[in-house]
Every structure is written in C-alpha cells, then in structure tokens.
Amino acid sequence: MITAIYPGSFDPITNGHIDVARRAARIFGKVVIGVFEKPTKIVTFSLEERVKMASEAVKDIPNIEVRPFYGLTVDFAKEVNANVMVRGLRVSADFEREFDMAMMNRKLSPELELVCFIARPEYQFLRSSLLKEIARVGGDIANFVPAHVARALKEKNGNSPI
Ligand code: ADP
C-alpha cells in the first residue's frame, strides 16, 4: 500500500485543499494530511484548531488521516512510512516554490517522491490568506470553505465585519 503525506499550514483548510486530498485518496492507499506546527508565515489559527478543522473536513473519507507535525517534512514522511508527498499547484508561482522545495527535499530524502495535483479551475485563485482577508471584511466565503470553517473564521473576526 502506498502512503502519501499532504503537508501544509492549512490555516484554515479550504475547498481547494480538500479537493487535492480527495483526489490523492483515490490514488493512494492512505493519505496523511500533515498540519505543520510552525510555518514561516504568521498563522491565524492554533495548531489544534487547524488540525480539528481539517479532520472535520475530511471525516467522510476513510483513507485520509490528519496529524500535526513539528520538524522537517521529510522526517514526518518517514514517521508515517510515506513514500509520496502530495502538493497542490495553482499558478506558476506555486511551481517555482514547489520546485525549490522538491530539490531540497530530494537531497534530504531521495526516496520520497513528489506528486503534484493541478488545482481545479474553480480553486486556482483560492488561498487561505486571501480567504481570511475576505472574511475579515465580512465577505461571503461559503463557496470556498466547509460550513464549520466559515463559522470559525466568523468567530475569529468577532462575528462581525471589521
Ligand atoms: P503552505 O503553507 O506550504 O503553502 P498551504 O496550507 O498553503 O501550505 O497549502 C498546502 C498545499 O496545498 C500547497 O501545496 C499548496 O500549493 C496547496 N494548495 C493551497 N491552496 C490550494 C488550492 N486552492 N488548490 C489546490 N492546491 C492548493
């Protein structure tokens, strides 16, 4: 059985992330969504909140598991016996970033293969940071995240537009 990890910040998980995880789960025996504890960017949600929201979002897919992780992604892959890393590609800027990261990860762990999923057109523009910006000013985000994530974003914003 092939196990894949899908690492990221998931701050919060969006329909774009969920779509990639779902597609990966159709191909691989098991997909472990790895929620990174300390991304370089400033996060809105705590690690626990991010893990909880992601778990709720994929609870209907039996071969997806959500776990927090703390150190190097390649070490997390070893910990869960994954030989594939899944990432999503939206615009070309994602490619540049993924390319650099893949080169570094290959040096660190040559046996870990990277598999990238091209984002569906409806999610090409969707990123967590933009979503939070829209939510912050009271915009409708219902089409971009599951209902429980939309609620959590509203709560973060004190239930009212700022
Ligand atoms: P990171 O902090 O590593 O950028 P993210 O949580 O933003 O992690 O995203 C995790 C992965 O999911 C990345 O490979 C990212 O490119 C991908 N991704 C993010 N948003 C989307 C989307 N809308 N459609 C497809 N893939 C996406």
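Scroll up to find the structure this text is about.
All values derive from a computational prediction rather than experimental measurement.

Here helix α1 (residues 15–27) spans 19 Å end to end across 13 residues, near enough to the 18 Å set by a 1.5 Å rise per residue. The buried count for α1 comes to ten of 13 residues, which makes it a mostly enclosed element. When α1 is considered as a whole, its buried residues turn out to be Asn 15, Gly 16, His 17, Ile 18, Asp 19, Val 20, Ala 21, Arg 23, Ala 24 and Ala 25. A distance of 3.2 Å separates the backbone nitrogen of Gly 16 from a side-chain oxygen at the start of α1, and that oxygen is part of Thr 14.

Moving on to the pattern of salt bridges. Tallied over the entire structure, the rule returns 16 salt bridges. Residues Lys 132 and Asp 11 are paired through a salt bridge, measuring 2.6 Å at the closest nitrogen-oxygen approach. You can see Lys 132 sitting in helix α5 (residues 128–136) and its partner Asp 11 sitting in the loop between β1 (3–8) and α1, a full 121 residues away along the chain. For the pair Lys 132 and Asp 11, a shared accessibility class is recorded, and that class is buried.

Once that is clear, we can look at a nonpolar patch on the surface. Together, Leu 72, Met 104 and Leu 108 make up a nonpolar patch on the protein surface, roughly 280 Å² of accessible area in all. Locating Leu 72 in the fold gives a position in the loop between β3 (64–69) and α3 (73–79). Since its relative accessible area comes to 43%, Leu 72 is described here as partly exposed.

On to the site of the ligand, then. In the vicinity of the ligand lie 18 residues, with Tyr 6, Ser 9, Phe 10, Lys 41 and Gly 88 positioned nearest. Within the side chain of Arg 97, a nitrogen or oxygen atom sits 3.1 Å from an oxygen atom of the ligand. In the complex, the protein chains occlude 92% of the 550 Å² of accessible area that the ligand would expose alone. Elements with a contribution of two residues or more to the shell around the ligand: β1, α1, β4 (84–89) and α4 (92–108). In terms of residue class, the shell around the ligand is built from seven nonpolar, five polar and six charged.

What counts, and at which threshold
- Residues numbered from 1 in each chain as written.
- Predicted model: local features only at pLDDT ≥ 70, side-chain atom pairs only at ≥ 80, totals over all residues.
- Heavy atoms only, no water.
- Helix = DSSP H or I, 4+ residues; strand = E, 2+ residues; numbered from the N terminus.
- Expected span 1.5 Å × (residues − 1).
- Buried < 20%, exposed > 50% of the residue type's maximum accessible area, 1.4 Å probe, protein only.
- Polar contact = N/O pair within 3.5 Å; in protein donor to acceptor, adjacent residues only side chain to side chain.
- Salt bridge = Lys/Arg side-chain N within 4 Å of Asp/Glu carboxyl O.
- Patch = residues over 30% accessible without salt bridge, like charges linked within 9 Å, V, L, I, M, F, W, Y side chains within 5 Å.
- Areas by Shrake-Rupley, 256 points an atom, 1.4 Å probe, with all protein chains shown as cover.
- Near = heavy atom within 4 Å.
- Nonpolar A, V, L, I, M, F, W, Y, C, P; charged D, E, K, R; others polar.

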